[in-house]
Amino acid sequence: MLKLNFHPSGRHFLQIPGPSPVPDRILRAMSLPTIDHRGPEFGALGLELLSKIQKIFKTENPVIIYPASGTGAWEAALANTMSPGDKVLMFETGHFATLWQKMALRLDIQPEFLGLPGYEGWRHGVQADMIEARLKEDTNHELKAVCVVHNETSTGVTSDIAAVRKAIDAAGHPALLIVDTISGLASADYCHDAWGVDVTVSGSQKGLMLPPGISFNALSPKAIEASKQAKLPKSFWAWDEILEANKNGYWPYTPSTNLLYGLNEALDMLLDEGMEHVLARHQRWAAGVRAAVEAWGLEIQCLDPSVYSPVLTGVVMPEGVDADAVRKIIYERFDLSLGMGLGKAKGKMFRIGHLGDCNDLTLIATLGGCEAGMKLSGVNLKGSGVTAALDYFAANPLNPSER
Ligand code: PLP
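Counting restarts for each chain: residues are numbered from 1 in the order of the written sequence. Totals for whole chains, interfaces and linings use all residues, but because this is a predicted model, local features are given only for residues with pLDDT of at least 70 and pairs of side-chain atoms are given and counted only at 80 or more. With hydrogens and water set aside, each side-chain value is computed from the structure's full complement of heavy atoms.

Visitor: It is not clear to me how the domain arrangement of the chain should be interpreted in this structure. Could you clarify?
Guide: Interface size is often expressed as the accessible area that is lost when the parts come together. We note that the domain assignment places domain 1 (13-20 + 274-395) and domain 2 (24-272) within the chain. Between the C-alpha centres of domain 1 and domain 2 there is a distance of 27 Å. Contact definition: two residues touch when any of their heavy atoms are within 4.5 Å. Opposite the 33 residues of domain 1 that make contact, domain 2 presents 34 residues. A 1.4 Å probe defines the accessible area here, and the buried area is the portion of it lost by two parts on being joined, summed over both. Interface of domain 1 and domain 2: buried area, both sides summed, is about 2700 Å²; carbon and sulfur atoms make up 59% of it. Ranking the residues of domain 1 by area buried against domain 2 places Met-275, Gln-301 and Lys-344 at the top, with a combined share of 22%. What makes a salt bridge here is a side-chain nitrogen of Lys or Arg within 4 Å of a carboxyl oxygen of Asp or Glu, nothing more. On inspection of domain 1 and its partner domain 2, the count reaches 2 salt bridges. A salt bridge links Lys-344 to Glu-92, with the shortest nitrogen-to-oxygen separation between them at 2.8 Å. We define a polar contact as two N or O atoms separated by no more than 3.5 Å, with the added condition that, inside protein, one atom must be a possible hydrogen donor and the other a possible acceptor, whereas residues neighbouring each other in sequence contribute only through side-chain atom pairs. Summed over the shared surface of domain 1 and domain 2, the result is 18 residue pairs in polar contact (both at pLDDT 80 or more). Only DSSP runs of H or I reaching four residues or more are called helices, and only runs of E reaching two or more are called strands; each is numbered from the N terminus. Those elements that place two or more of their residues in the side of domain 1 that touches domain 2 are α10 (275-296), β11 (299-300), β12 (312-316) and β15 (349-353). Residue polarity follows a fixed list, in which Ala, Val, Leu, Ile, Met, Phe, Trp, Tyr, Cys and Pro are nonpolar, Asp, Glu, Lys and Arg are charged, and the others, Gly among them, are polar. Classifying every residue of the side of domain 1 that touches domain 2 gives 18 nonpolar, 9 polar and 6 charged. All the domain ranges listed were derived from an automatic or database domain assignment.

Have a look at this one:
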């Protein structure tokens, strides 16, 4: 049995698709003394943060920072824009899209849940043509928002948000576009302004490499206008008071000061490296991991290569193999945490996170743990995924100068 103070030697491999490993540099930044959140230093920090975070969302509009997990920011996006009984169109891409739809019901919103049927539906991204067709039918404009998940963390499938924007425009529909990129931000390309998103929801514990505990709403002018008419009850989540206090770098309540130190450090790390480079290394890691899955002779959860996730890869187990039993062996034998199959995918697959603070060798070790654990579990593998990924990484250096 594990003791509470159990601590194996070496570093734990936290390869779930978030929370992702927190770099030492960020941990150190968070260990500085907590300061007065009404004092002048804090105001300067707040203004700096609020300006830098816009670059990550690629927006010139305000970004709200909440001391809450991503679920809080989901609620905030709906509570600030909707009124009781409002109808919204949501798209079932996986477990997180489903949870968001359940939240809408609890908030007294009427979600209509479009999607491809069954478990197969969880192997594809949002179908923009289905959204366009539904919006064209809604001639009275009863649907107040279209809500989609950009990077479905339960499956490793992304969705084409620009195509959803186009679908809304092609239908000539005024619905707001609300997007969850809780696990996509800073690992998968995301363009809040250019894609015409009205509210983007995100969180700290994925591509931003922070511990859980901060989440975001990036806004558009249209969303801010909608918030002035929205009647769902809200107080803690209300954008108006936060936007007012943010003008001077403060919050209407006590913000999570030390997590904000960490966020400031994370933003420096990402912006100093350059977002293009950050996104390119995620694409490359994802391709290396997919090369491993292919060499093992296993299926990837995502069936559409145009929407493979750069954040995580879902590995489908052969018929009759319990993915959770394989994961358990991998955890116990190799101190490696992988994501479990959620909802309709439970027991069918496991998820390898390749987001945030990884490098080629952490991923090679991760794939080594997967390969050995699958062999121990009796999974029939066609070849070595570790060798395939090593070869891929060697043949595809990130910087052309290394060729
Ligand atoms: N949406 C997506 C896509 C997620 O991946 C998660 C968490 O993993 C959530 C929503 C919920 O966020 P949190 O667990 O931070 O509340």
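Still to come is the rest of the account.
Visitor: Before we go on, may I ask you to explain the sheet that holds strand β3 (residues 87-91) in this structure?
Guide: Strand pairing within a sheet occurs via backbone hydrogen bonds; the two strands may be parallel or antiparallel. Strand pairing follows a simple DSSP-based rule, namely that at least 2 bridges must link the two strands. With mixed pairing, the 7 strands of this open sheet are ordered in space as β2-β10-β9-β8-β5-β3-β4. Among the strands making up the open sheet, the edge pair consists of β2 (63-66) and β4 (110-114). Each neighbouring strand pair of the sheet contributes to a mean axis angle of 20°, computed without reference to strand direction. In terms of strand pairing, strand β5 (residues 143-149) meets strand β8 (residues 176-180) through 5 bridges, oriented parallel. Each residue of the ladder has a partner; that of Ala-145, found in β8, is Leu-176. Angles here are taken between N-to-C directions and fall from 0 to 180 degrees, while the axes themselves are lines fitted to C-alpha atoms, restricted in helices to the stretch in contact. With respect to the sheet, helix α4 (residues 95-106) is in contact with β3, β4, β5, β8 and β9 (199-203), its orientation differing from that of β4 by roughly 155°. Together, β5 and β8 form the strand contacts of helix α6 (residues 161-170), whose direction differs from that of β8 by roughly 165°.

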